[in-house]
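The chain contents come next:
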Amino acid sequence: MSERPAHFCEAVVIERLPSGVFADPFELQQLVQHGVFEDAAVFGDTNLELPSALSNRSVVEVHIDIGQNILWKHTEELEINLELPLHARYPPLDGSGYSKVEMGIPDMFIHCTTESIAVCERCLWVKTAEGIKSLADAVVWRIPSGNKAHSQVVSYVTFTAALLSTMLIVLAAIYNSANTNTANKLRKS
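Owing to the predicted nature of the structure, the values given are computational and were not obtained by experimental measurement.

### Quick word on the overall build of the protein
When you go through the protein residue by residue, the secondary structure sums to 2 helices and 9 strands. Going from N to C terminus, the protein has its helices and strands arranged as β-β-α-β-β-β-β-β-β-β-α. Residue pairs in contact within the protein that sit at least 24 positions apart in sequence constitute 76% of those at least 6 positions apart. Only carbon and sulfur atoms are counted for the fraction: they give 56% of the accessible area of the protein, which is about 13700 Å².

Pasting the structure below:
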C-alpha cells in the first residue's frame, strides 16, 4: 500500500433547497475564505429579501476536502458531517402559527486524483447517493409564521401606531417651526 500513489479526495455535496429556505451566498463565501469549505456556490434564487410565496427553489453546491488515500481505506466508513448556514424566508400566514419545510437527502459525489496527474483527465467522479445514510428520511423544519386569526388585531395595532407616530412627527415639526419663527423675530428686534 505504501507503494501506491497518494490520492487527494474531494466530496461535492449538492443540496436542493425548497422555496421556504435559502443559503446566503455571501455567508458561504466567508466560510470558503476561512477554509471550512474548498468552494461553495448557490444557484437559482439568490434574492434574500423575497418572502417564500414569491421565491423559487435554489441549489447549494459545497466542495469539501476529505483527505488523502481515501480509496485505499476500504475497511473504514467515510463520515461527513456538514452544517450549512440556512435561513428561512417569511412564510405565509398559517392557522397553526408554523409553516413546515421539508428537505430531502443531498446528492454527494467523491472525486479523487493522484499526485502524478496534474490535469484532471483521468479523474473519477463517483455518485454516492445509495450509500448515504441519514438520521431521518427527510429533515422537517418548523418555521414560525403569523397566525391568521391574529391578523386583524395586528393590522389595527400597526395602523394605530403608525398614525400616532405620524401625528407626533407633524406636531414636533409645527412646534419646532413655531419656535424657530419666534427666535428669528427676537433676533431681528
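More follows now that the structure is in view.
### Section: the environment of Tyr-98
Along the polypeptide, Tyr-98 turns up in strand β6 (residues 98-103). On the basis of relative accessibility, which here comes to 35%, the residue Tyr-98 falls in the partly exposed class. Taking the C-alpha atoms as reference points, Tyr-98 and Arg-142, separated by 44 residues in sequence, lie 6.1 Å from one another.

### Digging into the nonpolar core
Judged by nonpolar contacts, the single largest core of 21 residues is most densely connected at Leu-17, Ala-23, Leu-28, Phe-37, Val-60, Ile-64 and Ile-66. Contributing elements (two or more residues each) for this core: β1 (7-17), β2 (21-23), α1 (25-33), β3 (39-44), β4 (58-68), β6 and β7 (107-114). Excluding its chain neighbours within four sequence positions, the residues that come into contact with Val-60 are Val-13, Ile-14, Glu-15, Leu-17, Ala-23, Leu-28, Ala-41, Val-42 and Leu-84.

### A short note on the UniProt feature "transmembrane region" (unreviewed entry) in the protein
The residues that UniProt annotates with the feature "transmembrane region" (unreviewed entry) are residues 153-178. Structurally, residues 153-178 is divided into 100% helix and 0% strand, and its ends, taken at the C-alpha atoms, are 37 Å apart.

### Description of the pattern of salt bridges
The tally for this structure, following the rule as stated, stands at 1 salt bridge. Between Arg-16 and Asp-107 there is a salt bridge; the shortest N-O distance is 2.7 Å. Taken together, the residues span a long stretch of sequence, with Arg-16 in strand β1 and Asp-107 in strand β7 at a distance of 91 residues. Classification of Asp-107 as buried rests on a relative accessible area of 14%.

### What to know about the packing of aromatic side chains
Within the structure shown, the criterion is met by 0 aromatic pairs. A cation over a ring is seen here: Arg-142 above Tyr-98, with NZ or CZ 4.0 Å from the ring centre.

### Some points on the environment of Glu-27
Tracing the backbone shows Glu-27 in helix α1. The class for Glu-27 is partly exposed, based on a relative accessible area of 27%. For Glu-27 and Leu-86, which are 59 residues apart along the polypeptide, the C-alpha to C-alpha distance reads 9.6 Å. Setting aside its immediate chain neighbours within four residues, Glu-27 contacts Pro-85 and His-87.

### As for the confidence of the model for the protein
Predicted confidence across the protein gives a mean pLDDT of 78, with 73% of residues reaching 70 or more. Mean pLDDT across the elements of the protein bottoms out in strand β8 (residues 124-127) (57) and peaks in α1 (93). Predicted confidence is poor over residues 1-5, with pLDDT under 50, and the contacts of this stretch with residues over four places away or in other chains come to 5 contacts.

The rules behind the values
Residues numbered from 1 in each chain as written. Predicted model: local features only at pLDDT ≥ 70, side-chain atom pairs only at ≥ 80, totals over all residues. Heavy atoms only, no water. Helix = DSSP H or I, 4+ residues; strand = E, 2+ residues; numbered from the N terminus. Contact = heavy atoms within 4.5 Å. Areas by Shrake-Rupley, 256 points an atom, 1.4 Å probe, with all protein chains shown as cover. Buried < 20%, exposed > 50% of the residue type's maximum accessible area, 1.4 Å probe, protein only. Core = buried A, V, L, I, M, F, W, Y, C linked by side-chain atoms within 4.5 Å. UniProt positions renumbered as here; feature names shortened; annotations may be inferred. Salt bridge = Lys/Arg side-chain N within 4 Å of Asp/Glu carboxyl O. Phe/Tyr/Trp six-rings, centres within 6.5 Å; stacked < 30°, edge-to-face > 60°. Lys NZ or Arg CZ within 6 Å of the ring centre and 35° of its normal. pLDDT = per-residue confidence, 0-100.

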